[in-house]
Structure formats: structure tokens, C-alpha cells
Amino acid sequence: MLADAVPFLACPLCGDALAIESGTLRCVRSHSFDIARQGYVSLLRGTSTFTGDTPEMVDARAAFLGAGHYAPIVEAITDAARPGLGCVVDVGAGTGYYLAAVLDRFGSRVGLALDASKPALRRAARAHPLIGAVGCDAWQPLPVQPASAGLVLNVFAPRNPVELRRILRPEGTLVVVAPTSRHLAELVSTLDLLAVDEDKQSRIDERLAPHFDLAEQTDREFSMTLSHHDVTTLVGMGPNAFHTVAAEFRERVAALTDPLTVTGSVTVSTYRPSGG
């Protein structure tokens, strides 16, 4: 698990290589980081006010994804993925669900699950035998060696273009999955959920453009049959969990058809490093 991932990691304080020593990761300058008993390590640089998903959100995500509702997204990711030499890095990996699927598809590559949430890292650390789970902030320098990843995944997660380019090999691939404005359309207005802007994908492309060239882009749309429990779990696993008022939300869910057909809609984009 973590031991396989260590050669691809970098000390967040000085950038030197790390090695496992007596339950810690340590660099030659004696910066050390304790390995949690659950198998992950926090390489957070300094302090961050962002702690990632809560335990409740992580539990909801594990339940919803585990039920297979987003299987078409997994299929789209594995179809788009072209892992070359090096590790596979998932930035904003959550529970490691998508990264584990890629590792299952492509064999003996090492995966790095990067996330800010400790509850998510606990699950990611045991999502696949070749995943190393590492705590970090996606907006800070990533604790990953330069040009060490043959494939980088970014699924419903923050994107730091400079760092994504730095860790990716020149011949590597970046796969980004983002929701379209049609995603969960049947729930957005009824449950007063956060809406996705029509121009979201254009803004993603523009922000990545100085560092990446768009190679391929496809929309994947599918239908999900969700019970009231599934709807509650779906809302509870993402940013909408911070914006719903419990009593009002329960009343709105109770008024829905049970089960309800809900649209899943994402754009899957493949990018190559500029000049790669």
C-alpha cells in the first residue's frame, strides 16, 4: 500500500525524497510525518482551514458509489484513461473509488489517492492493495515528485493546473470529469440544490489551457433509478450537504416520486501536457 507509493512522494517542506522509518515518513533533512494506523499519511504543508469531506459525507459517498449508481462514470474514466509509465495520481480522490477501478483495469500500477479529508483517506487506504493514501491540499504544492505520474485523474474535484502539469510526465494523460448543467436536473430545482453553470466546462478548459492541450472531450449521460434513501445519500455526499436545511430537505424528498428517475450527466475530458 503506502510502501509502494513512497518512491513517488516528496517531502512537502523541502521537496526531497521520503523513506519509511519506524512508522513515519522521513526525508534526509529529518522532516518526519507519522503514518496513521489506518494506513494513510498526512503530508499537508503547514496549516489549512479546509479539512475536506466530513465523516457523514464520506459514509454517504461510500454507500452511493458502492451501490453502483455512478458505474457509467467509472466506465467513461477507464475508457479515457491511458496510463503510461509512472504512477496513477487521483487529485481529490475521496474514498478511492475511481482510482481503484482504474488500477483494477490496468494492472500493477501504483496509485496515489490525494485528499484533504482524513475520513476519506481512511477508506482510500484500503480501497485497493496498490493505493497509497496521502493527505494534502490541492491548492498547495502537491507532495508528489515531478514528472512521476503517467496518468492523473481529477473527478468532481479542485484543479491546480500548475501542479497537475508538474507531476505529470511529458507523455502522460490528465483525465478530468466535471458535471454538466443537466447533471441531477430532476433534483436541482425541486430540492434547491446547487446548479452547474452552462459555461463550467469552458472555464475548466480555459484555466488548463496554458499548461495542457485538450485531446478529447465527450459527454456521458445516463439515467439512475433512485429511492428516497438514495436521493438523500446522493445529496449528503457532496457540497449540497452544506447547503440543505434538514427539516425542509426531508419534506421535499418525501414529496418526490419513489423511486425517481434522475439524470447523470458529465463531461469527460482528456488533456496532454503542452509541449509533451
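Residues numbered from 1 in each chain as written. Predicted model: local features only at pLDDT ≥ 70, side-chain atom pairs only at ≥ 80, totals over all residues. Heavy atoms only, no water.

- Named according to an unreviewed UniProt entry, the protein chain is 23S rRNA methyltransferase originating from Actinokineospora xionganensis.

Concerning the packing of helix H2 (residues 55-66) against helix H9 (residues 228-236)
Step number 1: Axis separation between H2 and H9 bottoms out at 8 Å; the angle between their running directions is 130 degrees. One element, H2, and the other, H9, form an angle in the oblique class. For the pair H2 and H9, the sense of crossing is left-handed. Contacts between H2 and H9 involve Met 57, Ala 60, Ala 63 and Phe 64 on the former and, on the latter, Asp 230, Thr 233, Leu 234 and Gly 236.
Step number 2: Grouping the constituent residues of the contact of H2 with H9 by class yields five nonpolar, two polar and one charged. (Axes fitted to C-alpha atoms, helices over the stretch in contact; angles between N-to-C directions. Helix = DSSP H or I, 4+ residues; strand = E, 2+ residues; numbered from the N terminus. Parallel < 35°, antiparallel > 145°, perpendicular 65-115°, else oblique. Left-handed = near helix turned anticlockwise from the far one by under 90°. Contact = heavy atoms within 4.5 Å. Nonpolar A, V, L, I, M, F, W, Y, C, P; charged D, E, K, R; others polar.)

Re the sheet that holds strand E8 (residues 149-155)
Step number 1: Pairing is mixed across the open sheet formed by eight strands, whose spatial order is E4-E7-E6-E5-E8-E9-E11-E10. A single partner strand is all that each edge strand has here, and the edge strands are strand E4 (41-42) and strand E10 (212-226).
Step number 2: Strand contacts of helix H3 (residues 71-80): E8, strand E9 (168-179), E10 and strand E11 (260-273), with the helix running at about 160 degrees to E10, the strand carrying the most contacts. (Pairing = 2+ DSSP bridges.)

Observations concerning the state of the cysteines
Step number 1: Applying the stated criterion across every chain yields a total of zero disulfides.
Step number 2: The cysteine Cys 27 is free of any disulfide, with Cys 14 supplying the nearest cysteine sulfur at 3.7 Å. (Disulfide = S-S within 2.5 Å.)

With respect to the side chain of Ser 269
Step number 1: Relative to the assigned elements, Ser 269 resides in strand E11.
Step number 2: Since its relative accessible area comes to 0%, Ser 269 is described here as buried.
Step number 3: Among the polar contacts made by the side chain of Ser 269, one reaches the side chain of Gln 217 at a distance of 2.7 Å.
Step number 4: Dropping the residues within four chain positions of it, Ser 269 is found in contact with Leu 174, Val 175, Val 176, Gln 201, Leu 214, Glu 216 and Gln 217. (Buried < 20%, exposed > 50% of the residue type's maximum accessible area, 1.4 Å probe, protein only. Polar contact = N/O pair within 3.5 Å; in protein donor to acceptor, adjacent residues only side chain to side chain.)

Side note on the sheet that holds strand E3 (residues 32-34)
Step number 1: Spatial strand order, E1-E2-E3: three strands in an open sheet with antiparallel pairing. Edge strands, defined here as strands with exactly one partner in the open sheet, are strand E1 (19-21) and E3. Between one strand axis and the next, the sheet turns by 30 degrees as a mean value, whatever way the strands run.
Step number 2: Relative to strand E2 (residues 24-26), E1 runs antiparallel, the two sharing three bridges. Paired with Glu 21 across the bridge in E2 is Thr 24.

Structural notes on the environment of Pro 273
Step number 1: Positionally, Pro 273 belongs in strand E11.
Step number 2: In contact with Pro 273, other than residues within four places in its own chain, are Arg 165, Leu 168, Arg 169, Pro 170, Gly 172, His 211, Phe 212 and Asp 213.

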